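# Chains, contacts and geometry: an overview
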Amino acid sequence: MRIYLSPPEVSEADIEAVVAAMRSGWIAPAGPALARFEEGLSVLCGRRYAVALSSGTAALHLALKSAGVCPGDLVLLPTMSFAAPAFAVRYCGAEPFWIDVDPENWQLDPSLLASAVDELQRQGRRIGAVVGVDLYGQCGDWAAVSRICAEAEIPFIEDAAEALGAGTCLEDGSIRPAGSWGQAGIFSFNGNKILTTSGGGMWVGDDEQLAAKVRKWASQSREPVVHYEHHELGYNYRMSNLLAALGCSQLESLRDRIERRKSIFKRYGAAFDGVDGFSLMPVPASSRPNYWLSCFTVDPKQSGVSANEVQMALHGAGIESRPLWKPLHRQTVFVGTGNRLTGVADQLFADGLCLPSGAGLTLSEQEEIIDRIRALL
Ligand SMILES: Cc1ncc(COP(=O)(O)O)c(C=O)c1O
């Protein structure tokens, strides 16, 4: 491959920050960079507490566990997602229940959620949590989802793994950041995200006791005594100080990264504007995405080509592109799970494609991608 979908971008300053952390002697997991990275994230997303962890998946696991999700519970989440939130549901011994997405923004559909919650509760099923996923760097209608969850007394967890720096414009004109909704939010800093620590994640929330629990569980549930004392099950989920140093350095360029990804998204939009059958991911007026990936759908009946043909042609030219997330209700590992589906996620999987979107994508590289797609039409 010559052009990747979303490669990590590491600057000289990032490298120096990691070297400085190593030279400081803070090699073992805890250290000052860890505290700074947590502080940076809690400020960014307007949360009182942040706990840096080894991955977004670990953050989801502890968010669900601290929400009280138990074996036998159902957890409602969008079928259009990467599998990590659903795996975390299974780590808790609970079962996922899929909700389809809204074609207006590709995010969890609040009206389907409301009717599923109502029906499942009437059947006497216990719903341990609802997980909303900020798909492709854009928040869903979390105000509506929060109201549904509050009424039904179900904790809401926001999986903002893909949406660091995104937000929602509220009626008073203020921007509510991704990760600030619900009982807890989580982020991922794996290699393909807008900001990376190589691998890493973060739990964020406002409840002091929940934050303390997450911090303790993530550090092998060690009791605060000099010998190794454990009263409950622990996990080795803490982020290391070295990786947090990389995160702190990367955080400084977050706004610039978002602006560059936004320009890429806009250029794709302009290039395919008016092309029959090509539609960029819809961005509602109130949405402030971080433009993590530029995604579009192609209707083969109108355009004469399928998303798969575009993907194959780009692949042949050394350009990486990828279908949208395969709906989780279609994954073998989740066969037999309950759902409330409308077919939107299935259609998005059939017609959707993510195009190269890395902040470092050059103008000439993007022109080449656009030209190769145009040549197919
Ligand atoms: C929506 C979503 N949730 C969770 C994760 C898991 O994060 P991690 O890879 O850091 O475990 C990812 C991506 O990797 C994701 O896209």
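Residues numbered from 1 in each chain as written. Predicted model: local features only at pLDDT ≥ 70, side-chain atom pairs only at ≥ 80, totals over all residues. Heavy atoms only, no water.

## What about helix H13 (residues 363-376)?
So the rule is basically this: Numbering goes from the N terminus for both helices and strands, where a helix is a DSSP run of H or I of at least four residues and a strand is a run of E of at least two. Every helix has an expected span of 1.5 Å times one less than the residues it contains. Each residue is assigned to one of three classes by its accessible area relative to the maximum for its type, calculated with a 1.4 Å probe on protein chains only: buried under 20%, partly exposed between the two thresholds, exposed over 50%. Within this analysis, the arc is defined by the directions that extend from the helix axis to the C-beta atoms.
Over its 14 residues, H13 extends 20 Å from the first C-alpha to the last, a length consistent with the 20 Å expected when each residue adds 1.5 Å. Within H13 the residues assigned to the buried category are Gln366, Ile369, Ile370 and Ile373. Projected down its long axis, H13 carries its buried residues within an arc of 95°, all on one side. Away from the buried face of H13 by more than 90 degrees, exposed residues Ser364 and Ala375 are located.

## So, the pairing of strand S5 (residues 156-159)
Residues in a regular strand project their side chains so that they alternate between the two faces of the sheet. Heads up, the rule is: Two strands pair if DSSP finds at least two bridges between them. Crossover handedness is defined here as right-handed if the route from the first strand over the helix to the second strand goes clockwise, with the strands pointing away from the viewer.
Burial along S5 is two-sided: Phe156 and Glu158 and Ile157 and Asp159, pointing in opposite directions, are all buried. Of the strand pairs in this sheet, strand S4 (residues 127-133) and S5 are connected by four bridges, and their pairing is parallel. Within S5, the residue paired with Val131 across the bridge is Ile157. With respect to chirality, the unit in which S4 leads through helix H6 (residues 142-152) into the neighbouring parallel S5 is right-handed.

## Focus: the side chain of Arg238
Keep this limit in mind: Between N or O atoms, a polar contact is any pair within 3.5 Å; within protein, one atom must be a potential hydrogen donor and the other a potential acceptor, and residues adjacent in sequence are included only when both atoms are from side chains.
For Arg238, the location among the structural elements is in the loop between helix H7 (208-218) and helix H8 (241-251). Side chain to side chain, Arg238 and Glu38 meet in a polar contact 2.7 Å long.

## Let's talk about helix H1 (residues 12-23)
For H1, built from 12 residues, the straight-helix expectation of 16 Å at 1.5 Å per residue is met to within 8% by its first-to-last C-alpha distance of 16 Å. One or two residues past the end of H1 sits Gly25, with phi positive at roughly 90°.

## Regarding the domain arrangement of the protein chain
Selection criterion: Segmentation into domains, and thus their bounds, comes from an automatic or database assignment. Two residues qualify as a contact provided that any one of their heavy atoms is within 4.5 Å of a heavy atom in the partner residue. Once two parts are joined, some of their accessible surface, as seen by a 1.4 Å probe, is lost; buried area is that loss totalled over both. Just to be clear on terms, a salt bridge is a Lys or Arg side-chain nitrogen sitting within 4 Å of an Asp or Glu carboxyl oxygen.
Domain annotation for the protein chain reports domain 1 (12-251) and domain 2 (254-376). Once you take the C-alpha centre of each, domain 1 and domain 2 turn out to be 25 Å apart. Taken together, the 46 residues of domain 1 in the interface contact 39 residues of domain 2. For the pairing of domain 1 and domain 2, the buried interface totals around 3,900 Å² over both sides, and the portion due to carbon and sulfur atoms is 61%. Inspection of the region where domain 1 meets domain 2 yields one salt bridge. In this structure, Arg340 engages Glu119 in a salt bridge whose closest nitrogen and oxygen atoms are separated by 2.6 Å. Viewed at the interface, domain 2 and domain 1 are joined by 26 residue pairs in polar contact (both at pLDDT 80 or more).

## Section: the nonpolar core
To keep it simple, the criterion reads: Take the buried Ala, Val, Leu, Ile, Met, Phe, Trp, Tyr and Cys residues and link them wherever side-chain atoms come within 4.5 Å; each set so joined is a nonpolar core.
Judged by nonpolar contacts, the single largest core of 104 residues is most densely connected at Phe37, Leu64, Leu76, Tyr136 and Trp203. Considering each element in turn, this core owes the most residues, six residues, to helix H3 (residues 56-66). Among the domains, domain 1 (12-251) and domain 2 (254-376) are the pair contributing at least three residues each to this core. Residues in contact with Phe37, not counting those within four places in the same chain, are Phe189, Leu195, Thr197, Met202, Met239, Ala244, Gly247, Cys248 and Leu251. With 20 residues, the next largest nonpolar core counts Phe296, Ala307, Val310 and Ile319 among its residues.

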